[in-house]
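# Results of the structural survey
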Protein chains: 2
Amino acid sequence: MQLEKVDYKKFIVPIVVGLIIWFLAPIKPAGVSIIAWHMFAVFVATIIGCITQPLPIGGVAIIGFTVTVFTGLVPMETAVAGFGNNSIWLIVMAFFISRGFIKTGLGRRIALTFVRLFGKRTLGLAYSLIGVDLVLAPATPSNTARAGGIMFPIIKSLAEAFGSSPKDNTQRKIGSFLVFSEFHGDMITAAMFLTAMAGNPLAQSLAKTMHVNISWMGWFVAGLVPGLISLIVVPFIIYKMYPPEIKETPNAKIWSEGELEKMGKFSKPEKWMSTIFVVALLLWVTGSFLNIDATLTAFIALSLLLLSGVLSWQDITKETGAWNTLTWFSVLVMMATQLNELGFIPWLSHSIAGALTGVNWVIAFVIIILAFFYSHYLFASSTAHISAMYSAFLGVAISAGVPPMLAALMLGFFGNLNASTTHYSNGPAPILFGSGYVSQNEWWRMNFVLGFVYFVIWIGIGSLWMKLIGMW
Amino acid sequence: MQLEKVDYKKFIVPIVVGLIIWFLAPIKPAGVSIIAWHMFAVFVATIIGCITQPLPIGGVAIIGFTVTVFTGLVPMETAVAGFGNNSIWLIVMAFFISRGFIKTGLGRRIALTFVRLFGKRTLGLAYSLIGVDLVLAPATPSNTARAGGIMFPIIKSLAEAFGSSPKDNTQRKIGSFLVFSEFHGDMITAAMFLTAMAGNPLAQSLAKTMHVNISWMGWFVAGLVPGLISLIVVPFIIYKMYPPEIKETPNAKIWSEGELEKMGKFSKPEKWMSTIFVVALLLWVTGSFLNIDATLTAFIALSLLLLSGVLSWQDITKETGAWNTLTWFSVLVMMATQLNELGFIPWLSHSIAGALTGVNWVIAFVIIILAFFYSHYLFASSTAHISAMYSAFLGVAISAGVPPMLAALMLGFFGNLNASTTHYSNGPAPILFGSGYVSQNEWWRMNFVLGFVYFVIWIGIGSLWMKLIGMW
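Residues numbered from 1 in each chain as written. Chains lettered and ligands numbered in written order. Predicted model: local features only at pLDDT ≥ 70, side-chain atom pairs only at ≥ 80, totals over all residues. Heavy atoms only, no water.

The helix and strand inventory of chain A stands at 22 helices and zero strands. Relative to the compact-globule value of 23 Å for 472 residues, chain A shows a C-alpha radius of gyration of 22 Å, a close match. Taken along its principal axes, the extent of the C-alpha atoms in chain A is 70 × 65 × 40 Å. Going through the 472 residues of chain A one by one, you find that 60% of them count as buried. Restricting to contacts in chain A with at least 6 residues of sequence separation, those with at least 24 account for 80%. (Helix = DSSP H or I, 4+ residues; strand = E, 2+ residues; numbered from the N terminus. Rg over C-alpha atoms; globule rule 2.2 N^0.38 Å. Buried < 20%, exposed > 50% of the residue type's maximum accessible area, 1.4 Å probe, protein only. Contact = heavy atoms within 4.5 Å.)

Time to look at the nonpolar core. The biggest cluster of nonpolar side chains holds 355 residues, and the ones touching the most others in it are A:W89, A:F414, A:W458, B:W89, B:F414 and B:W458. Excluding residues within four positions of it along the chain, A:W458 makes contact with A:I188, A:A191, A:M192, A:G223, A:P226, A:G227, A:S230, A:M410, A:F413, A:F414, A:L417 and A:S463. (Core = buried A, V, L, I, M, F, W, Y, C linked by side-chain atoms within 4.5 Å.)

It is worth spelling out the packing of helix α9 (residues 175-192) of chain B against helix α20 (residues 404-417) of chain B at this point. Residues and elements named next belong to chain B. Orientation of α9 relative to α20, taken along the N-to-C sense of each, is 155°, at an axis distance of 8 Å. Accordingly, the angle class assigned to the pair α9 and α20 is roughly antiparallel. As α9 runs across α20, the sense of the crossing is right-handed. Within the contact between the two elements, α9 uses M187, A190 and A191 and α20 uses F413, N416 and L417. (Axes fitted to C-alpha atoms, helices over the stretch in contact; angles between N-to-C directions. Parallel < 35°, antiparallel > 145°, perpendicular 65-115°, else oblique. Left-handed = near helix turned anticlockwise from the far one by under 90°.)

The operation relating chain A to chain B is a screw motion whose rotation component is 180°, with 0.0 Å of axial translation and a residual RMSD of 0.0 Å. Within this description, the copies of the chain are treated as partners about a two-fold rotation axis. Across chain A, the rotation axis passes nearest the C-alpha of A:G84, at a separation of 2.0 Å. When the interface residues of chain A are mapped onto chain B, 100% of them are again interface residues, pointing to one common binding face. (Least-squares fit on C-alpha atoms with pLDDT ≥ 70 in both.)

Domain annotation for chain A reports domain 1 (1-73) and domain 2 (86-317). Placing a centre on the C-alpha atoms of domain 1 of chain A and another on those of domain 2 of chain A gives a separation of 34 Å. (Domains from an automatic or database assignment.)

Two measures describe an aromatic ring pair: the distance that separates the ring centres and the angle between the ring planes. With the rule as written, the count across this model stands at 79 aromatic pairs over all chains. Ring centres of A:F372 and A:F393 lie 5.6 Å apart, and the angle between their planes is 55°; on these two criteria the pair is classed as tilted. In this pair, A:F372 sits in helix α18 (residues 361-374) while A:F393 sits in helix α19 (residues 382-399), placing the two residues 21 residues apart along the sequence. A:F393 carries the same exposure label as A:F372, and that label is buried. With a centroid separation of 5.6 Å and an interplanar angle of 25°, the aromatic rings of B:W216 and B:F220 are classed as stacked. Within this pair, B:W216 and its partner B:F220 are both found in helix α11 (residues 216-241), separated by four residues, close to a single helical turn. Taking relative accessible area as the criterion, B:W216 reaches 32% and is therefore assigned partly exposed. (Phe/Tyr/Trp six-rings, centres within 6.5 Å; stacked < 30°, edge-to-face > 60°.)

What follows concerns the interface of chain A and chain B. On the side of chain B, 56 residues touch chain A, which itself brings 56 residues to the contact. Summed over both sides, the interface of chain A with chain B buries roughly 4,700 Å², with 77% coming from carbon and sulfur. It is A:M1, A:L3 and A:W313 in chain A that bury the most area against chain B; as a group they hold 15% of the surface buried on that side. At the boundary of chain A with chain B, the tally comes to two salt bridges. Notably, a salt bridge pairs B:E4 with A:K103, separated by 2.4 Å at the nearest N-O pair. (Buried area = accessible area lost by both parts, 1.4 Å probe. Salt bridge = Lys/Arg side-chain N within 4 Å of Asp/Glu carboxyl O.)

It is worth spelling out the confidence of the model for chain A at this point. All names here are of chain A. Per-residue confidence for chain A averages 91 on the pLDDT scale, and 100% of its residues sit at or above 70. Within chain A, no element has a lower average pLDDT than helix α6 (residues 106-118), which sits at 83, and none a higher one than helix α20 (residues 404-417), at 97. Note on the complex model: pTM 0.84, ipTM 0.84. (pLDDT = per-residue confidence, 0-100.)

Moving on, we get to the side chain of B:Q171. Residue placement: B:Q171 occurs in the loop between α8 (143-161) and α9. If we skip the residues at most four places from it in the chain, B:Q171 touches B:S164, B:S165, B:P166, B:S176 and B:Y437.

Residues and elements named next belong to chain A. There is a patch of nonpolar side chains on the surface, built from I12, V13, V16, I20, L24 and I27 and spanning about 540 Å² of accessible area. Relative to the assigned elements, V16 resides in helix α1 (residues 12-23). The exposure class assigned to V16 is partly exposed, which follows from its relative accessible area of 42%. (Patch = residues over 30% accessible without salt bridge, like charges linked within 9 Å, V, L, I, M, F, W, Y side chains within 5 Å. Areas by Shrake-Rupley, 256 points an atom, 1.4 Å probe, with all protein chains shown as cover.)

We now examine the pattern of salt bridges. In the structure shown here, the tally under the stated rule is 22 salt bridges over all chains. Between B:K103 and B:D315 there is a salt bridge; the shortest N-O distance is 2.6 Å. Placement of the pair is B:K103 in helix α5 (residues 86-104) and B:D315 in helix α15 (residues 313-317), with a sequence separation of 212 residues. Classification of B:K103 as partly exposed rests on a relative accessible area of 23%. With relative accessibility at 18%, the residue B:D315 sits in the buried group. Put simply, B:E248 and B:R121 hold a salt bridge, and the shortest N to O gap is 3.6 Å. One end of the pair, B:E248, is in the loop between α11 and α12 (252-263); the other, B:R121, is in the loop between α6 (106-118) and α7 (122-136), and 127 residues separate them in sequence. For B:E248, a relative accessible area of 47% translates into the label partly exposed. Residue classification places B:R121 among the partly exposed positions, given a relative accessible area of 46%. Within this structure, A:E4, B:K103 and B:D315 form a network of salt bridges that share partners.

A separate point is the environment of A:G58. Relative to the elements of secondary structure, A:G58 occurs in helix α3 (residues 57-70). Residues A:G58 and A:T325, spaced 267 residues apart in sequence, show a C-alpha to C-alpha distance of 7.6 Å. For A:G58, the contacting residues outside a window of four places in its chain are A:N324, A:W328 and B:W313.

Here we take up the packing of α18(A) against helix α22 (residues 440-468) of chain A. Residues and elements named next belong to chain A. Packing of α18 against α22 brings their axes to within 12 Å, and their N-to-C directions diverge by 145°. Crossing hand, α18 versus α22: right-handed. Along the contact surface, α18 presents F365, V366, I369, L370, F373 and Y374, while α22 presents F448, G451, F452, F455, I459 and S463. Considered class by class, the residues forming the contact of α18 with α22 number ten nonpolar, two polar and no charged. (Nonpolar A, V, L, I, M, F, W, Y, C, P; charged D, E, K, R; others polar.)

With that out of the way, let us pick up the side chain of A:T295. Topologically, A:T295 is positioned in helix α14 (residues 294-308). If sequence neighbours within four positions are ignored, A:T295 has contacts with A:N86, A:W89, A:L90 and B:M76.

We now examine the environment of B:Y424. Residue and element names in this part refer to chain B. Along the polypeptide, Y424 turns up in the loop between α20 and α21 (428-434). With a relative accessible area of 1%, Y424 lands in the buried category. Taking C-alpha positions, Y424 is 9.9 Å from G434, a pair spaced ten residues apart along the chain. Excluding residues that lie within four positions of it along the chain, Y424 makes contacts with F43, I47, W328, F329, L332, Y377, F379, A380, S381, A429 and W444. A polar side-chain atom of Y424 sits 2.8 Å from the main-chain carbonyl oxygen of Y377. (Polar contact = N/O pair within 3.5 Å; in protein donor to acceptor, adjacent residues only side chain to side chain.)

What follows deals with helix α10 (residues 199-208) of chain B. All names here are of chain B. Looking only at α10, the buried set comprises G199, N200, A203, L206 and A207. Buried residues along α10 cover an arc of 120° about the axis, so they all sit on one side. Buried residues along α10 sit against α9, α11, α19 (382-399) and α20. (Arc of directions from axis to C-beta.)

Right, let's get into the environment of B:M410. Considering the arrangement of structural elements, one finds B:M410 in helix α20. In contact with B:M410, other than residues within four places in its own chain, are B:F365, B:I369, B:W458, B:I459, B:G462 and B:S463.

Here α6(B) is 13 residues long and its end C-alpha atoms lie 18 Å apart, about the 18 Å a rise of 1.5 Å per residue gives. For α6(B), every residue scored as buried is listed here: B:L106, B:G107, B:R109, B:A111, B:L112, B:F114 and B:V115. (Expected span 1.5 Å × (residues − 1).)

Here it is as C-alpha cells:
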C-alpha cells in the first residue's frame with residue numbers, strides 16, 4: 001500500500017494566515033476577547049483550507065475541529081453538539097430522499113418529461129425549474145427542503161439523463177449550470193416571500209421590536225419587481241458566465257419521448273416514490289400551519305421510503321454524499337456559532353455601527369447592506385446571520401436616518417441574498433455544492449460577481465421601486 | 001427495479017406490544033406522567049423492533065425516531081441533538097481508526113504476531129487479548145476507546161487473517177468468539193479499577209455524598225478476586241457456549257511466520273499507523289491527567305491519519321459501519337435519555353425503593369443488585385445508568401440495612417457488569433456488535449446467561465471475599 005497523496009504545499013497559506021491572525025492577538029481590538037480572536041484565526045484558516053484543499057473539505061474540517069478543541073477554544077461537549085443540529089439533519093435526509101429518486105428512476109422520468117415539455121434549450125430548462133421553485137416558495141418556509149428535497153433530486157436526474165456527472169468529469173455538459181442556477185433561483189425566491197425562508201419571519205419580528213411592522217403583502221410587493229428582474233436576469237448571466245456545453249437540444253423532444261417509451265410503465269417503486277414525495281411536499285408546504293418541522297417531514301419521508309422498500313438501509317449507509325456533508329457542514333456551523341457566542345460577531349456589528357455615526361443616510365444605507373452582505377462569509381446559516389446581526393444593523397440604519405421600512409425590508413431581502421457568497425452560506429448550499437457539479441473556486445467566484453448584480457437590482461432598482469409605491 | 005424486501009410480519013410484535021403499552025396509559029402508575037409512559041411504549045417497541053428486525057437496526061431506529069417526534073413526545077431540536085453526543089463520536093472515530101489498521105496491514109501484522117506467540121489454541125488467543133485489555137484498563141478510563149480504538153481493530157484483523165468475516169458468513173470460524181470474549185473482557189476489566197471506566201469515579205463521588213468513601217485501592221482490592229475469577233471463567237464459558245470452529249491451530253506458528261515473511265518489511269503506511277496509534281494510546285492513557293478528552297484524542301488520531309496520508313477522506317465517507325452505528329446508537333441513546341428526563345427512570349428507582357421497605361437486608365441487597373442489573377435494558381450508556389439510578393439504589397440499600405461499603409462497591413461493579421445485557425448497553429457494545437460478528441439473538445441470549453455467572457461470582461464470591469478482608 002502507498003500513502004495517500006496529500007498536497008502539503010496547499011497547507012501553507014491557511015496555516016500562515018491562521019498563525020498571523022492568531023499571533024496578532026496582542027494588537028487585537030479591545031472589544032474582542034482573546035478566545036474570540038483565536039477562534040476567528042482558526043475559522044479563517046479552516047475556510048482558506050476549504051479553498052486551497054490540501055485534503056477534501058471533510059478532512060480540512062476534521063483538522064479544524066481538532067485544532068479548535070485541542071487549543072481549548074471550544075470544549076469537546078459543545079463542539080461535538082454541532083453534529084446534532086436540526087437543519088444539518090434536514091440536509092442529510094435530503095440526500096437520502098434524492099437517492100430514492102435516482103434509484104427508482106422516477107427522477108429520470110420527471111426529467112425526461114421536463115425535457116419533452118421545455119427542453120428545446122438548456123436555458124429554457126433552467127427557467128422552468130426555477131419556475132417550479134417559485135410556485136413552491138410562498139408555501140415552503142424551508143428553502144433547504146425546497147432546494148434539497150424537491151429540486152435537487154430532479155436536477156441531478158436531469159443532468160444524469162444528459163450524461164452529465166462529476167464522476168466522469170462531464171459535469172459542465174449541463175449539470176453544473178442547472179445546479180448553480182437552482183442555487184440562485186432558490187435564493188431569489190426565498191427573498192421574495194415572507195414565508196419562503198425560515199429566517200424571514202425572524203427578521204419581521206426583530207423589526208417589530210423597533211416599531212417597523214412588515215406585513216406578508218408588504219414584503220411581497222416590495223420584493224416583487226427586484227425579485228422578478230433577478231429571476232429573469234440571473235439565470236441568463238449564469239448562462240453566459242458559466243455556459244453549459246449542451247445549449248440547444250433540438251432533437252430533445254423526440255429523444256426524450258423515445259427514452260420515456262424505453263422506461264416503460266410507471267413501476268411499483270416509482271409509484272411509492274412519487275406518493276411519498278407528494279406526502280413530503282404537502283407536509284413541507286403545510287408544515288408551518290400544522291406545526292410539523294421540516295426536518296420531521298424529511299424523517300417521515302425516509303421512514304416511508306424504508307417501510308415501502310423503495311430504499312434499503314444499505315442505500316442509506318452507502319450515501320457517502322450525506323455523511324461527507326454532515327461532517328464538514330456541522331464543523332463550519334459549529335465554528336460560526338462559536339464566533340458569535342464568543343462575542344466576535346457582536347463586536348463586529350457594533351464596530352460597523354460605530355463607524356457610521358454622522359454619515360449621510362444614503363451612503364450609510366449602502367455601507368450597511370454591503371457590510372451585512374460580506375459579513376456572511378463568517379456565517380454558515382442565513383437564520384444565524386439574521387439572529388446575530390439584523391437588529392444591530394437595523395438599529396444603526398434607523399439612527400443614521402435611513403427610512404425604517406426601507407432598511408428593514410432591504411436587510412430582510414439581503415438576509416437571503418447574502419447566500420451568494422460561499423458553499424456553506426445557507427442550507428441549500430452544502431447540498432447543491434456537495435453534488436460535486438460546481439467546483440469551490442467557481443462557486444465562490446461566480447457568487448462574488450453575482451453579489452454585484454444583486455446590489456444593482458435590489459439596492460438600486462428595488463429602493464426606487466419601493467419609493468415609487470410609497471413604501472418610504 | 002424491484003422493491004426491497006421488508007419482512008412486514010416482523011413488525012407485528014413490536015407494534016402490538018408498543019400499542020398495548022401506549023393504550024394502557026389510563027391505568028399507568030400515578031407517579032409516571034402520560035408523556036413518560038408513551039415514551040416508554042415507543043422505546044419498548046423500538047427495542048423489540050431491533051430484535052425482530054423487520055428492517056436492519058438503523059431503519060428501525062429511524063422509524064422509532066420519527067414516531068417519537070411525530071407523536072410530540074420529544075421536540076425535534078432535542079431529538080436531533082442526540083446525534084451530537086460526545087461518546088457517540090468517540091465510537092464513530094474508533095471505526096475510522098480501525099480502518100487504518102486494516103488498510104495498512106498493520107492490524108494483520110499484529111494479529112499474526114499474536115498468533116505466532118499465543119496461537120496454539122483459539123482460547124489462548126482470547127486470553128492473551130484480554131490480557132492486553134487488563135494491562136491497559138487501570139490507565140484508560142474510556143472503556144470505549146480501549147475496546148473500540150485499541151482492541152477491536154486488532155481482533156478484526158486477526159479474524160480476517162483466519163478467513164473469518166460476516167461478509168462471507170464465516171464469522172463463526174473465530175471472529176465471533178474473539179469479539180464476544182473481548183466484549184466481556186473489556187467489561188470485567190472496567191469493573192476492576194476505579195479508573196477503568198468513566199462512570200466509576202462518578203459512582204465514587206455519588207457514594208461520597210452518602211458518606212461512603214471508596215478509595216482507588218479499596219475498589220481494586222474488593223474487585224480483585226471476583227475480577228480475576230471472571231477473567232478466567234467467562235472466556236471459557238463463552239468458548240463452550242459459543243465455540244469457534246477453529247479451535248486448535250497447531251500449525252499456526254509456522255503458518256503465521258510464513259505469512260509475516262510474505263508481508264515483507266514494515267511499510268511506510270504501517271510505520272505511520274503504528275506511530276499515530278502509540279500517540280493515541282498514550283493520550284488515552286494519560287488523558288485524564290492531561291485533561292484531554294478521549295473523543296478529542298480520537299479526533300487527533302484521525303487528523304494525523306488524514307495528514308500523513310494513511311487514510312483518504314474517501315475511506316472515511318465509505319466507512320458504512322461508522323455511519324450505521326452513528327444512526328441507531330444515537331437514536332437509542334436519545335430515547336433512553338428522554339426516559340430519564342421525562343421521569344420514567346426516577347419513578348422506577350423510587351418504586352423499587354418503596355417495595356423494599358421492611359425486607360431482610362440480604363434479600364434486599366440481592367434484589368437491589370438484580371433490579372439495577374435488569375433495569376439496564378432501558379439504558380444505552382453505563383454512565384447514564386449510574387447517574388440516573390446509583391444514588392437512589394444506594395440510598396435504599398443503606399436504609400434497608402445493607403453494609404454501606406458493600407452496597408456502594410457492588411453497585412459500582414454492576415454499573416459495569418450490567419452491560420451484559422444488550423447490544424446498546426455501553427460504548428464498546430455498538431462497536432463490537434456493529435462489526436457483524438455476533439447476531440443480535442446470540443448477543444442477547446449469551447449475555448442473559450452470563451448475567452447469572454456474574455451474580456454468582458460477584459454477589460456470591462465477591463461479597464464473601466469483601467467480608468473476609470474486612471471491608472464490611
